[in-house]
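Chain residues, written in single-letter form:
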Amino acid sequence: MGVEHNVRVNPPLTPPLIDRHTHLEGSLDPSWVRREADRRGQILPASLEALWSGAAIPFQGFIEAFLFGAALLDSREAVREAVLAVARRTLAAGGSGFDLWASPHFLVVHRGQLTLDDFWLGVEEGFSDAAATGLHACLVLDAVNHFGPKHGHAVLDLVLPGLPGFVKGFSTGGLEGCPFRDWAPVFDRARAAGLRCAAHAGENGPGSNVREAVLEGGVARIIHGIRADDAILELLAGRRVPVDVCPSSNRALAMDVQPHPLPRMLLAGVRCALGTDDPGVIPCDLGTETTAARSMGLDDLALARLRRNGAEDAWCLQD
Ligand SMILES: [Zn+2]
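None of these values were measured; they are calculated from a predicted model.

Rules used throughout
- Residues numbered from 1 in each chain as written.
- Predicted model: local features only at pLDDT ≥ 70, side-chain atom pairs only at ≥ 80, totals over all residues.
- Helix = DSSP H or I, 4+ residues; strand = E, 2+ residues; numbered from the N terminus.
- Buried ≥ 20, exposed ≤ 12 C-beta atoms within 10 Å, placed from the backbone.
- Axes fitted to C-alpha atoms, helices over the stretch in contact; angles between N-to-C directions.
- Parallel < 35°, antiparallel > 145°, perpendicular 65-115°, else oblique.
- Left-handed = near helix turned anticlockwise from the far one by under 90°.
- Contact = placed C-beta atoms within 7 Å.
- Nonpolar A, V, L, I, M, F, W, Y, C, P; charged D, E, K, R; others polar.
- Expected span 1.5 Å × (residues − 1).
- Arc of directions from axis to C-beta.
- Pairing = 2+ DSSP bridges.
- Core = buried A, V, L, I, M, F, W, Y, C linked by C-beta atoms within 7 Å.

J.: What exactly am I supposed to notice about unusual backbone geometry here?
T.: Comment: phi is negative for the bulk of residues other than glycine, and the bulk of peptide bonds are trans. Cis geometry marks the peptide bond from Q258 to P259, where omega comes out at -10°. Mapped onto the secondary structure, P259 falls in the loop between α11 (247–253) and α12 (262–267). Phi at R240 takes a positive value of approximately 55°, unusual for a residue other than glycine. Within the element layout of this structure, R240 appears in the loop between α10 (230–238) and β7 (242–245). With 13 C-beta atoms counted inside 10 Å, the residue R240 sits in the partly exposed group. For D277, which is not glycine, the phi torsion reads 65° and is therefore positive. Along the chain, the position of D277 falls in the loop between β8 (271–274) and α13 (286–295).

J.: How do you make sense of the packing of helix α7 (residues 149–159) against helix α8 (residues 180–192) when you look at a structure like this?
T.: In a packed pair of helices, the relevant descriptors are the angle between the two axes and the axis-to-axis distance. Interaxial distance between α7 and α8 falls to 8 Å at its minimum, and their mutual angle equals 10°. Considering the angle they form, α7 stands roughly parallel to α8. For α7 against α8, the interelement crossing comes out left-handed. Residues P149, G152, H153 and L156 of α7 form the contact with α8, whose participating residues are D182, W183, P185, V186, R189 and A190. A breakdown of the residues in the contact of α7 with α8 according to their chemical character gives 6 nonpolar, 2 polar and 2 charged.

J.: Could you clarify how one ought to interpret helix α14 (residues 300–312) in this entry?
T.: For an α-helix the count is 3.6 residues per turn, leaving residues at separations of three or four pointing the same way. With 13 residues, α14 should reach 18 Å at 1.5 Å per residue; the first-to-last C-alpha distance of 18 Å fits that figure. Residues L306, N309 and G310 constitute the buried set of α14. What you see down the axis of α14 is that its buried residues fit within an arc of 105°, all on one side. In α14, those exposed residues whose orientation departs by more than 90 degrees from the buried face are D300 and L301.

J.: I keep staring at the pairing of strand β1 (residues 18–23) and nothing clicks. Help me out?
T.: Each regular strand shows side chains that alternate between the opposite faces of the sheet. Most of β1 is tucked away: 6 of the 6 residues are buried. Here β1 runs beside strand β2 (residues 97–102); their pairing, made up of 4 bridges, is parallel. Note on β2: the bridge partner recorded for H23 is W101.

J.: Explain the nonpolar core here, please?
T.: Side chains of a nonpolar character, in soluble globular proteins, are inclined to be buried together. By size, the foremost hydrophobic cluster in this structure holds 89 residues, and its most contacted members are V83, L100, V219, I222 and C272. Here the element with the most residues in this core is helix α4 (residues 76–92); it accounts for 7 residues. With residues near it in sequence (within four places) discarded, L100 still touches T22, L24, V86, A137, C138, L139 and V140.

Written as structure tokens, this is what we have:
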């Protein structure tokens with residue numbers, strides 16, 4: 001005869017909500033961009049106005065809009081403002097942190113618009129302001145895939161001496177124009193320097209890029225991966241490779257991928273999480289991305305899994 005106990009089961013703690021993928025250069029507040037453009041006597045590109053209005057446009061138009069904002073990041077104060085825009089957007093959506101992609105080599109060397117010291121100081125001050133509000137943050141270096149591995153090495157040459165502690169990762173972005181196997185030595189070098197490696201893959205290039213980035217490039221995290229077929233999803237799930245999925249960005253820039261594969265990816269067991277990508281160019285936040293995921297038919301359990309993955313695999317929450 002048993003004795004009945006009132007066993008109190010504590011509900012599992014809700015994991016922190018993390019924006020798993022957002023770009024410094026693509027996160028500026030539109031109102032700040034308008035003000036700055038005005039002050040500088042510059043005309044906003046039509047592509048940027050189109051994206052702000054919610055239009056879907058070709059990838060090249062997005063690059064033009066993205067670069068317009070990037071060109072405004074020519075001082076320590078502007079970089080700090082960009083980080084603060086990310087922090088404000090994250091907080092307003094109830095978020096607790098963000099993994100922030102940025103391209104210091106592009107701003108400092110390619111464009112020559114500010115010094116590396118000013119770039120780091122702007123990020124450091126922004127992160128410090130963000131931390132004061134309770135937010136977690138880290139930086140992931142974004143190298144341009146289509147510039148090739150020589151450019152990747154140049155990024156590392158620039159940043160590895162005196163790398164700040166808040167830099168946790170190295171990634172490729174841009175057009176998937178260069179085979180990931182060619183990038184393997186760059187990823188190896190980044191890993192040897194203590195950085196985790198990621199790649200934008202299966203976004204504007206074929207799904208097979210995802211397999212190549214993991215198996216031949218050796219990356220530990222995929223951004224987008226939306227063109228991956230079932231066999232590649234099985235590979236990602238089996239290796240527990242985190243995949244950052246950004247529905248608003250995909251809707252604007254990968255409109256041919258229909259329906260959005262996020263439910264299929266989750267069903268395959270892929271560790272997907274949500275990110276905003278370029279919310280200053282393609283307006284969105286963690287709230288809109290969650291709503292978009294729900295509109296794909298995902299239930300509360302699936303949304304909770306996205307959130308849990310988002311926290312468990314976030315680099316901003318890891319040492
Ligand atoms: Zn991205």
